[in-house]
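Residue-level structural notes
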Amino acid sequence: MAPSYNPLGQVKKGDPELYELIEREQDRQRTTLQLIASENFTSVAVMEATGSVLTNKYSEGYPKKRYYGGNVVVDEIEQLAIDRLKELFGAGFANVQPHAGANANAAAYLGLLEPGDTVLAMRLDQGGHLTHGSPVNFSGRLYNFVSYGLSENEDDLERIDLSQIASLAKQHHPKLIVVGATAYPRIIDIDPIREIADEIGAYVMFDAAHVAGLIAGGVYPNPLVGSKGRGCDLMTFTTHKTLRGPRGAAIVTNSAEIASKVDKAVFPGLQGGPLENAIAAKAVAFKEALDPSFRVYAKLVVENAKALADSLVAEGFRLVSGGTDTHLILCDLRTFDADLSGKEAQEVLDSAGITCNRNQIPFDPRSPFVTSGLRFGTPAMTTCGMGKQEMETVGSLIARALRERKDQGAIEAIRDEVAQLCSKFPPPLERRQEA
Ligand code: DSN
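The sections below set out a description of the structure shown in this document. (Residues numbered from 1 in each chain as written. Predicted model: local features only at pLDDT ≥ 70, side-chain atom pairs only at ≥ 80, totals over all residues. Heavy atoms only, no water.)

1. Here we look at the side chain of S372
What counts is decided by this rule: Only DSSP runs of H or I covering at least 4 residues are called helices, and only runs of E covering at least 2 are called strands; the numbering of each starts at the N terminus. The cut-offs for exposure are 20% and 50% of the maximum accessible area for each residue type, with area from a 1.4 Å probe on protein chains only; residues under the lower value are buried, those over the upper are exposed, and the others partly exposed. We call two N or O atoms a polar contact when they sit within 3.5 Å, provided that within protein one can donate a hydrogen and the other can accept it, with sequence-adjacent residues counted only if both atoms are side-chain atoms. Pairs of residues are marked as contacts when any of their non-hydrogen atoms sit within 4.5 Å.
In this fold, S372 is placed in the loop between β14 (357–359) and β15 (373–377). On the accessibility criterion, S372 (0% relative accessible area) is buried. Within the structure, the side chain of S372 is placed 2.7 Å from the side chain of D364, a separation counted as a polar contact. One polar contact links S372 to R366, side chain to side chain, over a distance of 3.1 Å. Setting aside its immediate chain neighbours within four residues, S372 contacts C331, D332, L333, R334, G342, N359, I361, D364, P365 and R366.

2. Side note on the sheet that holds strand β10 (residues 249–253)
Each strand in a sheet pairs with its neighbour through backbone hydrogen bonds, running either in the same direction (parallel) or in the opposite one (antiparallel). To keep it simple, the criterion reads: The rule for pairing is simple: two strands pair if DSSP sees at least two bridges between them. Axis lines are fitted to C-alpha atoms, over the contacting stretch for helices. Their N-to-C directions set the angle, which ranges from 0 to 180 degrees.
Read across the sheet, 7 strands follow the order β4-β10-β9-β8-β7-β5-β6 without closing on themselves; strand pairing throughout is mixed. Looking along the sheet, the strands with just one partner apiece sit at the ends: β4 (93–95) and β6 (144–148). Strand after strand, the sheet turns through a mean of 20 degrees between neighbouring axes, direction not considered. Relative to strand β7 (residues 176–179), strand β5 (residues 118–122) is paired through 2 bridges, and the arrangement is parallel. Residue pairing in the sheet places L120 in a bridge with I177 of β7. Against the sheet, helix α5 (residues 101–112) engages β6, β7, β8 (203–207), β9 (234–238) and β10, with an angle of about 160 degrees to β9. Against the sheet, helix α7 (residues 162–172) makes contact with β5 and β6, and its axis sits at roughly 155 degrees relative to β6, the strand it touches most.

3. Things to note about the packing of α5 against helix α10 (residues 256–270)
Keep this limit in mind: Handedness of a crossing follows from how the near helix is turned relative to the far one, being left-handed for an anticlockwise turn of less than a right angle and right-handed for a clockwise one. Amino acids outside the nonpolar list (Ala, Val, Leu, Ile, Met, Phe, Trp, Tyr, Cys, Pro) and the charged list (Asp, Glu, Lys, Arg) are all regarded as polar, and Gly is one of them.
Running from amino to carboxyl end, α5 crosses α10 at an angle of 115 degrees, the nearest separation of the two axes being 8 Å. The two elements α5 and α10 cross, and the hand of that crossing is right-handed. Residues N103, A106, A107, L110, G111 and L112 of α5 form the contact with α10, whose participating residues are I258, K261, A265, V266, G269 and L270. Within the contact of α5 with α10, the residues separate by chemical class into 8 nonpolar, 3 polar and 1 charged.

4. Concerning the nonpolar core
Here is the rule: Here, nonpolar core means buried Ala, Val, Leu, Ile, Met, Phe, Trp, Tyr and Cys residues that are tied together by side-chain atoms lying within 4.5 Å of each other.
Core analysis: the largest hydrophobic core is formed by 52 residues, its most contacted members being L85, F89, V179, F206, M235, F237 and L243. When residues no more than four places from it in sequence are discounted, the contact partners of F237 are L85, F89, A208, A209, A212, L243, G248, A249, A250 and V252. Core analysis: the second largest hydrophobic core is formed by 39 residues, F376, M381, I398 and L421 among them.

5. As for α7
Rules: It is the directions from the helix axis to the C-beta atoms that the arc portrays.
Listing the buried residues of α7 in full gives I165, L168 and A169. For α7, the angular spread of buried residues about the axis comes to 105 degrees, placing them on one side. Facing away from the buried side of α7 by more than 90 degrees, the exposed set consists of S163, K170 and Q171. Where α7 is buried, its residues touch β5, β6 and α8 (190–200).

Here it is in structure tokens:
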């Protein structure tokens, strides 16, 4: 099926070499299953705003406080994004300039901490992010990160270990507790962590990179609020995962003091000119997320993740924590096939047209490069319109590909089945009719 809309006419004319590469990537995206938990398909409106004339403008500073002229319109655009974002999360203050999730976290640390300060965050090999203190990341090099992990007790196996957080907090007196993860399938309750932080006078930051869209869609409790009206001190998140906006990030808080620190940390602390084209696209995405239809989408994302999880369990995989409450599934391959590593499984699935990523599982005996797990997510294929029935099919296609991985003919047949399935659920760009 030829794409019905081509926004790249001038690239095609002037740079056929690049055009061909973009076309190949577009083809890959529409003919294979996108199950990377941190990816999504944006609307065409988000892409149009990203590709708009706003990319031409320099606007260091903030609305009405710029260092360059000519920002009258840009001021209105950035303010629109800020106002929509505040409404989306019920936040008092918002910064929409961070170029990426790592920048948002860096800005939070720069605003709240001094180099060498102690921070408590989730272990990387149990779901935390590089910016949560990895020794090869700026976070681990500049600050003293202490890590908490998941429980090994049968009754709350592979859930965040709150008693460990409490005892590490008492022992190390961190200035900041970071909550949130990149590979944790369960809802994190902010209330007990707020209590622990209050006992030692620490800030709480919620890294909602993965779950921002679920929070916006009402299927994940808003960590800024908590059930007692007071949650985290600030929330950082990316705009391109479950939130389905352009690549980028943002920060929200209810504290004027923290907002001022964060603003100074983003600019001039870390970044120069904001990407106003991306900020305009964030404004589009926030408007879309404020629409009631986004709540339906978020609910379907979680329902689809549960359906895919059930299907994988039926095929013999073990799921970390036994299942999922979110968009994400972390699959332990060892019960399915003890010899199959995450690396090999990812490569096999790639050749079968099923895109996902290998991931360490808690207490993984294999290295981070090899791993014993796979991470799957449902945001992208839910955007394309897939439902529970398709998730069951996807689960069995995954299992079949991994079982028959030595048979090239079988893998090619699965790739054809995947392409057939995907052709019935095209991404938004392919659905657009008019030129
Ligand atoms: N790349 C993101 C993810 O896949 O979770 C984290 O930065």
